[in-house]
Structures are given as C-alpha cells and as structure tokens.
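Chain by chain, the residues run as shown.
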Protein chains: 2
Amino acid sequence: MSGDVAELIIVNQAFYDAHEARDAQAMADLWLHTDDVWCVHPGWPILRGWPAVGQSWDAIIGGPGRLQFILTDVVAQVEGATGWVSLNENLVGPGETSTVATVNLFRFTDDGWRLLAHHGSPVMASL
Amino acid sequence: MSGDVAELIIVNQAFYDAHEARDAQAMADLWLHTDDVWCVHPGWPILRGWPAVGQSWDAIIGGPGRLQFILTDVVAQVEGATGWVSLNENLVGPGETSTVATVNLFRFTDDGWRLLAHHGSPVMASL
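Computed from a prediction, not measured in an experiment: that's the story for all the values here.

1. Regarding the overall build of chain A
Broken down by element type, chain A carries three helices and six strands. Along chain A, from the amino end to the carboxyl end, the secondary structure elements read α-α-β-β-α-β-β-β-β. Relative to the compact-globule value of 14 Å for 127 residues, chain A shows a C-alpha radius of gyration of 14 Å, a close match. If one aligns the C-alpha atoms of chain A with their principal axes, the spans along those axes are about 45 × 30 × 25 Å. Across the 127 residues of chain A, 35% fall into the buried class. Considering only contacts within chain A whose residues lie at least 6 apart along the sequence, 49% involve residues at least 24 apart.

2. Details of the interface of chain A and chain B
Residue-level contacts link 24 residues of chain A with 24 residues of chain B. Counting residues per element, the ones that place at least two in the side of chain A that touches chain B are β1 (38-40), β3 (68-79), β4 (82-93), β5 (96-109) and β6 (112-122) of chain A. Each residue belonging to the side of chain A that touches chain B can be placed in one class, and the counts come to 13 nonpolar, eight polar and three charged.

3. Considering unusual backbone geometry
It is generally the case that most residues other than glycine have a negative phi and that most peptide bonds are trans. All names here are of chain A. Positive phi, close to 55°, is recorded for Asp-73, a residue that is not glycine. One can find Asp-73 in strand β3. Classification of Asp-73 by C-beta neighbours within 10 Å gives partly exposed; the count is 14.

4. Observations regarding the pairing of β4 of chain A
All names here are of chain A. When β3 meets β4, the two strands line up antiparallel, connected through 10 bridges. By the bridge assignment, Phe-69 is partnered in β4 with Leu-91. A loop of two residues connects β3 with β4, the two strands running antiparallel in sequence, and Gly-80 in this loop sits at a positive phi of about 65°. Remark: two residues form the turn of the hairpin made by β4 and β5, two consecutive strands paired antiparallel; Gly-95 in that turn has positive phi of roughly 75°.

5. Concerning the environment of Leu-115 of chain A
All names here are of chain A. For Leu-115, the location among the structural elements is in strand β6. Look at Leu-115 and you get buried, because 20 C-beta atoms sit within 10 Å. Residues Leu-115 and Phe-15, spaced 100 residues apart in sequence, show a C-alpha to C-alpha distance of 8.8 Å. Apart from the residues lying within four places of it in its own chain, the contact partners of Leu-115 are Phe-15, Leu-30, Trp-31, Leu-32, Val-37, Asn-104 and Phe-106.

6. Describing the pairing of strand β6 (residues 112-122) of chain B
All names here are of chain B. Counted residue by residue, β6 has eight buried out of 11 residues, so it is predominantly covered. Here strand β1 (residues 38-40) runs beside β6; their pairing, made up of three bridges, is parallel. Residue Trp-38 lies in a different strand from β6, and its bridge partner there is Ala-117. Summarising the sheet, strand β5 (residues 96-109) and β6 pair through 10 bridges and their orientation is antiparallel. Its bridge partner being in β6, Phe-106 is matched across the sheet by Leu-115.

7. Some remarks on the nonpolar core
If you look at the biggest cluster of nonpolar residues, it comprises 55 residues, and the most contacted ones within it are Phe-106, Leu-115 and Ala-117 of chain A together with Phe-106, Leu-115 and Ala-117 of chain B. If we ignore the near neighbours within four places in the chain, the residues touching Phe-106 of chain B are Leu-8, Val-11, Gly-83, Trp-84, Trp-113, Arg-114, Leu-115 and Leu-116 of chain B.

8. Focus: the sheet that holds β4 of chain A
Residue and element names in this part refer to chain A. Sheet architecture is open: six strands sit in the order β2-β1-β6-β5-β4-β3, paired in mixed fashion. Single-partner strands in this sheet number two, and they are β2 (47-48) and β3. Sitting on the sheet, helix α1 (residues 5-20) is in contact with β3, β4, β5 and β6, with an inclination near 150° to β3.

9. Thoughts on the sheet that holds strand β3 (residues 68-79) of chain B
Residue and element names in this part refer to chain B. An order of β2-β1-β6-β5-β4-β3 is seen for the six strands of this open sheet, with the pairing classed as mixed. Of all strands in the sheet, those with a lone pairing partner are β2 (47-48) and β3, marking the two edges. The strands that helix α1 (residues 5-21) touches are β3, β4 (82-93), β5 and β6; relative to β3, the one it contacts most, it runs at about 150°.

10. Digging into the relation of the copies chain A and chain B
For the pair chain A and chain B, the best superposition has an RMSD of 0.0 Å and corresponds to a rotation of 180° with a translation of 0.0 Å parallel to the axis. Both chain copies can therefore be described as sitting about a two-fold axis. The C-alpha atom lying nearest the rotation axis in chain A is that of Ser-121 of chain A; the distance is 2.4 Å.

Cut-offs and rules
Residues numbered from 1 in each chain as written. Chains lettered and ligands numbered in written order. Predicted model: local features only at pLDDT ≥ 70, side-chain atom pairs only at ≥ 80, totals over all residues. Helix = DSSP H or I, 4+ residues; strand = E, 2+ residues; numbered from the N terminus. Rg over C-alpha atoms; globule rule 2.2 N^0.38 Å. Buried ≥ 20, exposed ≤ 12 C-beta atoms within 10 Å, placed from the backbone. Contact = placed C-beta atoms within 7 Å. Nonpolar A, V, L, I, M, F, W, Y, C, P; charged D, E, K, R; others polar. Pairing = 2+ DSSP bridges. Core = buried A, V, L, I, M, F, W, Y, C linked by C-beta atoms within 7 Å. Axes fitted to C-alpha atoms, helices over the stretch in contact; angles between N-to-C directions. Least-squares fit on C-alpha atoms with pLDDT ≥ 70 in both.

Below is the structure:
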C-alpha cells in the first residue's frame, strides 16, 4: 500500500489548519490512535502513545493560546507506506514570533495518511 | 529491499559512538551523501543536503566540545526500506547535563542503514 506525495502535503496542511482552527476533533482524526505514535512539542520531552499525545493536543488546543502558522521550506517525501514532511513553522502569536523546525511522520492507511509522529524543535534566535 | 530493526539499532548506536569518538570519517560514512538528507541540531535551523549537513558535523566534531551520550527511551521501527529511532539523548558535558529529544531517520541501502535525517530538540528544564 502506498500513498502519494500530493495527498501527503494536503494532510500535512490539514494538521496546521486543525491547529489554527483549534479543532480538537479534526486534530484527533488526523492521528493514528496507536501505541507507537509519539510527539515532541517544542521544548517538551517525548510523549508516547495516543492517550498521552491526544491529551497534549486537547490541552494545547483548549488553552488560551492562538497561533497562526506560516510554513516555509516544506519538503515532503514518500517511501512506500511511510511519508514525512520537514518544514519550518513560523509562528505568529500575540506580541511574539518564533520559528520551529519540524518533522511530521505519516503512515498510509485505508483512511489515507495519518500522523505517526510530530517533532517540533525551537530555533534559537541567538544562533 | 528491507532492513531489520536489530541492524538499525546497531547503526543508530554507531552514530553516537562516532560522535563521542569525534570521528568525522565514521560520522560521514553513516550518512547518505544526497541532496535529500537534512539535519536539525538542537536549537539550529534545518540544514538540507549533504554538503551543509556534513560541514556542520565537521565543525561540531572538530570543535572544542566533548560529550558523552546516555541514550534512554530508545524506540526503533522499520517499515520497508525506511527506519527510524526516537530516543532521548542525555548529554553529559563539562559542568552541564541536558536532554535532547531526538529522531533519527534511516534509509536501507546496499551498504546497510544510512542516515537520511537527524533531528534533535532541546528539552527545556523549566517544563
């Protein structure tokens, strides 16, 4: 089973749309609900398994923050049933901007591409 | 073509051994030398392509730092010719310790597993 890169880019964008729209259900629908998913929010330790990952998204999306994502340097690759997108998330929030270097890892399923991992890493302005 | 997870873990360990030993040649040999490799050092922006990635390793390995890596929460997965290892790098340096949440992404080749991407993300102690 193999997915294509155009679909991968659409699903990757849907991930950011769900985040911006603060749509916890859309976010949950984009993820595999398995033990092997993992997530690293910027500065956070690794969270493993859907219960911990899903809970973190509920907290972030349900929290007071409101972010706009401007994606740059987006590169998507597919190898069989695995796909990944590496990119910069340029975040525009109230009174602050920052960049997060990110990789999103996807598995192709009967329902299309689903997130297996999200790993965001703060880019330090001082470098 | 498919590699196995036991070999993947060995090559992942070789990456840290090369780093600790400050062996730039061993480090270079572990990477694909292609345009699609990328690397995010902790706090750094995305570097793309072997020339930029290789240069960064030469600078880091040739620099004054000396680090010991204690790896924890190591999870390796293989899907066809793609493999990835997510883990914590617990770094012991002179007068400081820190944790880096990391994913290493590998492609299986005629020469075995080779690094396609390394993405390390500083875990903030304040969280």
